[in-house]
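# Understanding the architecture of this molecule
What follows is each chain in one-letter form.
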Amino acid sequence: MATQMIQLLKPTPIIDSSHTAVKEFANQHCGNHTEPRQQAVDLYYAVRDGIRYDPYSVKLSVEGLRASATLESKRGWCVPKAILLTAAYRSIGIPSKLGFADVRNHLSTERMPKAMKTDVFYWHGYTVIYLDGNWIKLTPAFNIELCRKFNIKPLDFDGYQDALFHPFDLEGNRHLEYLRYRGEFEDVPIDLIKETYEKEYPAKGSLEGSSFDRDVEQEILHQRRFKKRGDYPKRKWPLTE
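Residues numbered from 1 in each chain as written. Predicted model: local features only at pLDDT ≥ 70, side-chain atom pairs only at ≥ 80, totals over all residues. Heavy atoms only, no water.

What follows deals with the nonpolar core. Among soluble globular proteins, nonpolar side chains are generally buried collectively. Core analysis: the largest hydrophobic core is formed by 62 residues, its most contacted members being Leu-65, Ile-83, Tyr-89, Ile-129, Leu-138, Phe-157 and Val-188. By residue number, the principal contributor to this core is helix α6 (residues 78-91), which donates nine residues. Ignoring anything within four residues of it in the chain, the contact list for Tyr-89 reads Gln-39, Ala-40, Leu-43, Tyr-44, Ile-94, Ser-96, Thr-127, Ile-129, Leu-138 and Phe-157. (Core = buried A, V, L, I, M, F, W, Y, C linked by side-chain atoms within 4.5 Å. Buried < 20%, exposed > 50% of the residue type's maximum accessible area, 1.4 Å probe, protein only. Helix = DSSP H or I, 4+ residues; strand = E, 2+ residues; numbered from the N terminus. Contact = heavy atoms within 4.5 Å.)

And the structure:
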């Protein structure tokens, strides 16, 4: 266990917890708190809401996934946001690693499942931390602004319980289902992720040049327009051709 904990505090080329920007980010958002549990909560919210969720911005490379790169761009999909949170925790001495699962996402823009040819998000990323003898899982993917737009309760973290996705939105519609757990890793299994993506997402580049923020706004306007008429056409899930 002691050896494993040491590994979960070390920087890697992607989880670059020793980078000046990552350390400054962690110290800034921890403020005057010195208790690890409160620090963990502070950093969770800093990444959840300070980095905009953008699943169109996939850059599956060492350079594109680095925690410091996500800090610079201020946006990222679930994996780089989890990487940044993991790096921030390691930088202040909280053992942390990455967890992955395949999920079915019922919240999406119209463009995404068409481009992906599926509504399954392979290798969804989250962070796993060790506090007071317990492992806690948490995902900081959806920022609060996006949750409000899609009528989803923001995922909160109290420092004690797992913070994974709620299965339903505020109206009782399905939000996200965990289909298969891929495991937990000390570093990013980038080669395994690439292998799956090349197999499952053949339409490469189909989201290039598109704006997730713009598509979200169009999706919300579309939903409001049809809901007023009372005949909003719900998508069929899982996705069918």
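What follows continues from the structure just given.
By the element assignment, Lys-59 lies in the loop between β1 (52-53) and α4 (62-65). The exposure class of Lys-59 is exposed, given its relative accessible area of 54%. Lys-59 has contacts with Gly-64, Leu-65 and Trp-77, leaving out every residue within four places of it along the chain.

A word on the packing of aromatic side chains. Applying the stated criterion across every chain yields a total of 11 aromatic pairs. Clustering of aromatic rings is evident, with ring pairs tying together Trp-77, Tyr-122, Tyr-197 and Tyr-201. Seen from the ring of Trp-135, Lys-97 lies directly overhead, with NZ or CZ sitting 4.2 Å from the centre. (Phe/Tyr/Trp six-rings, centres within 6.5 Å; stacked < 30°, edge-to-face > 60°. Lys NZ or Arg CZ within 6 Å of the ring centre and 35° of its normal.)

What follows concerns the packing of helix α2 (residues 20-30) against α6. Between α2 and α6, the least distance of the axes is 9 Å, while the angle of their chain directions is 75°. It follows that α2 is roughly perpendicular to α6 by the angle criterion. Touching Val-22, Lys-23, Phe-25 and Ala-26 of α2 are Ala-87, Ala-88 and Ser-91, all from α6. (Axes fitted to C-alpha atoms, helices over the stretch in contact; angles between N-to-C directions. Parallel < 35°, antiparallel > 145°, perpendicular 65-115°, else oblique.)

Turning next to the packing of α2 against helix α3 (residues 36-50). One way to put it is that α2 packs onto α3 with a least axis distance of 9 Å and a crossing angle of 115°. Judged by the inter-axis angle, α2 sits roughly perpendicular to α3. As for the relative orientation of α2 and α3, their crossing is right-handed in sense. Mapping the contact onto sequence places Phe-25, Ala-26, His-29 and Cys-30 in α2 and Gln-39, Asp-42, Leu-43, Ala-46 and Val-47 in α3. Per-class residue counts for the contact of α2 with α3 are six nonpolar, two polar and one charged. (Left-handed = near helix turned anticlockwise from the far one by under 90°. Nonpolar A, V, L, I, M, F, W, Y, C, P; charged D, E, K, R; others polar.)

Backbone-to-backbone hydrogen bonds pair the strands of a sheet. The strands run either parallel or antiparallel. Taken together, the four strands give an open sheet; going across it, the order is β5-β4-β3-β6, and neighbouring strands pair in antiparallel fashion. The open sheet has two free edges, formed respectively by β5 (134-138) and β6 (176-185), since each of these has just one partner strand. Across this sheet, the average inter-strand angle for adjacent strands is 30°, counted without regard to direction. Direction of pairing for strand β3 (residues 96-105) relative to β6: antiparallel, over a ladder of eight bridges. Among the inter-strand pairings, Val-103 is bridged to a residue of β6, identified as Tyr-178. Across the face of the sheet, α3 comes into contact with β4 (120-131) and β5 while running at roughly 155° to β4. Here α6 sits on the sheet and contacts β3, β4 and β5; the angle it forms with β4, its principal contact strand, is near 10°. (Pairing = 2+ DSSP bridges.)

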